[in-house]
Amino acid sequence: MKTRKHLQTGLLAAAVAFALVLTSCGSVSGNGESGGKTAEIDNGPSGQENFSGLTVLSTETPEYATGFSIVRYESGYSEIDVTDGREYFVIPEEAEVPANLPDSKIVIMQPLQKIYVASSSSMSRFVDTGSVDRVAYSGIRESEWKIPEAAEAMQAGTLSYTGKYSAPDYETLLTGGCDLAVENLMILHKPEVIEKLEALNIPVFIDRASAESEPLGRTEWLKAYGVLLGNEEAAQAAFEEQKKLYTEAEALPDAGKTVAYFYVNSQGLVVCPRPDSSVAKMIAAAGGVYLYPDIQTEESRLSTMKVDMESYMTAAGGADIIIYDGAIDTVNTLADIVSKNAQLSGFKAVQDGNVYISASDAYQNSDDTGTTVHDLYLTINGQGGAEHIRKAE
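None of the values given here were measured: they were computed from a predicted structure.

Enquirer: Before we go on, may I ask you to explain the environment of Ser345 in this structure?
Expert: Among the secondary structure elements, Ser345 is positioned in the loop between helix H11 (334-338) and helix H12 (348-352). Along the chain, Ser345 and Gly317 lie 28 residues apart, while their C-alpha atoms are 9.7 Å from each other. Ser345 has contacts with Val338, Val350 and Gln351, leaving out every residue within four places of it along the chain. Polar contacts involving the side chain of Ser345 include one to the main-chain carbonyl oxygen of Ala342, which spans 2.7 Å.

Okay, here's the thing in structure tokens:
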């Protein structure tokens, strides 16, 4: 039988193999997303797995997210099954790894105390579950953090920069005792990093929240983190808070104003969300009518599209409100925005003084979909008081 001690001693062998794994390579593939829109919990027992006769107590299908489900077993064992085929089997503290556990299961041993978070958008889930102290290694430098708790932890020395997602400091992670690496979908472009980490007995959890089509589906990945961290109550409470803000904003009366949401990149092109993107859906939930150029581009797999200013002005020049994406492109004033392209001065919202800037921390605070929709509602309906969207003066 494999035990906790058995897995931990693997770190010694991994140190010997360290030089070899630096040349390893492989591939990681993903399947399409699937799932349901209604929260479902099947309260078994519904059967037994073929390892140690563990009984399945329940299987939970999330309410909005389609990328994962949660299986709970007797004796505190649990599993996060992701639609990319990865199965994360979570071992409770002081428990043993079940006999005959299939090799396809990715074993994660609780308690997780020294986590490497390579993705800036994942840190908000640790903040929301009160688990920032579990994160010891960062793929983001202190100057790049927009999340105060992360920057403060780096200043205090409890969180250290350990290399970006594509080039982590393997030796530091190994000798420091890293027990989990949290990555986002970008890691799929660097499959060799996954193999190297796993060869060092550091399991890799790939956060696929950004692939969710529904905004609250992204937030619902909090539940997966609750299972990993053994803090499901806090994760559920954080999710319910955002769901409440989101659904309350949806139910409010709106003015039906048209909205343009974009930034101008270094090539002078307008980058705006696609009509089926999370941002477009949040604008709709807030009562806005999202304007966008009805054209096809080669980058259809992305949530944004790039167009020239002439095409964008034709589609969105008459928008009642402009929200400039300050999370991607830092601007401070209306003059800063108009300086990106002189044609912007001809937009109706610019002439009417209805131009706003979204907060620079919007991307890193990826769980705050309810807060975002609430702020969008206040902005679109001219009520003021938005916390994360300010008027461009």
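Having seen the model, we can carry on.
Enquirer: Explain the sheet that holds strand S11 (residues 180-183) to me, please; I cannot follow it from the model alone.
Expert: Pairing between sheet strands relies on hydrogen bonds along the backbone, with the strands arranged either parallel or antiparallel. In spatial order, the strands read S10-S9-S8-S11-S12; together these five strands make up an open sheet with parallel pairing. Across the chains shown, the open sheet's two edge strands, defined by having one partner strand only, are strand S10 (160-161) and strand S12 (204-206). Of the strand pairs in this sheet, strand S8 (residues 115-117) and strand S9 (residues 135-138) are connected by three bridges, and their pairing is parallel. Of the residues in S9, the one forming a bridge with Ile115 is Val135.

Enquirer: Help me understand the pattern of salt bridges in this model?
Expert: Think of it this way: side chains of opposite charge can pair up when their charged atoms draw near. With the rule as written, the count across this model stands at 16 salt bridges. In this structure, Lys223 engages Glu60 in a salt bridge whose closest nitrogen and oxygen atoms are separated by 3.7 Å. Here Lys223 is found in helix H7 (residues 222-229), whereas its partner Glu60 is found in strand S3 (residues 55-61), with 163 residues between them in sequence. The residues Lys223 and Glu60 share a single accessibility class, namely buried. Members of the salt-bridge network, linked through shared partners, are Glu60, Arg72, Glu220, Lys223 and Glu232.

Enquirer: Would you mind showing me how to read the packing of aromatic side chains here?
Expert: One pair of aromatic rings is described through two measures. These are the centre distance and the angle between the planes. In total, this model carries 13 aromatic pairs according to the counting rule given. Ring centres 5.6 Å apart and planes at 80 degrees place the aromatic pair Phe205 and Tyr225 in the edge-to-face group. Of this pair, Phe205 sits in strand S12 while Tyr225 sits in helix H7, and the two are 20 residues apart along the sequence. Each member of the pair, Phe205 as well as Tyr225, is classed as buried. With 6.2 Å between their ring centres and 25 degrees between their planes, Tyr312 and Phe347 make a pair best called stacked. Pair noted here: Tyr312 is in helix H10 (residues 309-316) and Phe347 is in the loop between H11 and H12, with a separation of 35 residues, a long-range link. There is no split in this pair, since Tyr312 and Phe347 are both buried.

The rules behind each value
Every residue gets a number counted from 1 within its own chain, in the order that chain's sequence is written. Local features in this predicted model are restricted to residues whose pLDDT is 70 or higher, and side-chain atom pairs enter the listing and the counts only when it is 80 or higher, whereas totals over whole chains, interfaces and linings include all residues. Working from all heavy atoms in the structure, the side-chain values ignore hydrogens and water. Numbering of helices and strands runs from the N terminus; a helix is a DSSP stretch of H or I covering at least four residues, while a strand is a stretch of E covering at least two. What makes two residues a contact is simply this: any of their non-hydrogen atoms within 4.5 Å. N or O atoms closer than or at 3.5 Å make up a polar contact, with two conditions inside protein: a donor-capable atom paired with an acceptor-capable one, and, for residues adjacent in sequence, both atoms drawn from side chains. Two strands pair if DSSP finds at least two bridges between them. The salt bridge criterion pairs a side-chain nitrogen of Lys or Arg with a carboxyl oxygen of Asp or Glu, the two atoms within 4 Å. When a residue's accessible area, from a 1.4 Å probe over protein chains only, is under 20% of the maximum for its type it is buried; when over 50% it is exposed; and in between it is partly exposed. Pairing of aromatic side chains requires ring centres within 6.5 Å, counting the rings of Phe and Tyr and the six-membered ring of Trp. Pairs whose planes differ by under 30 degrees are stacked, by over 60 edge-to-face, and all others tilted.

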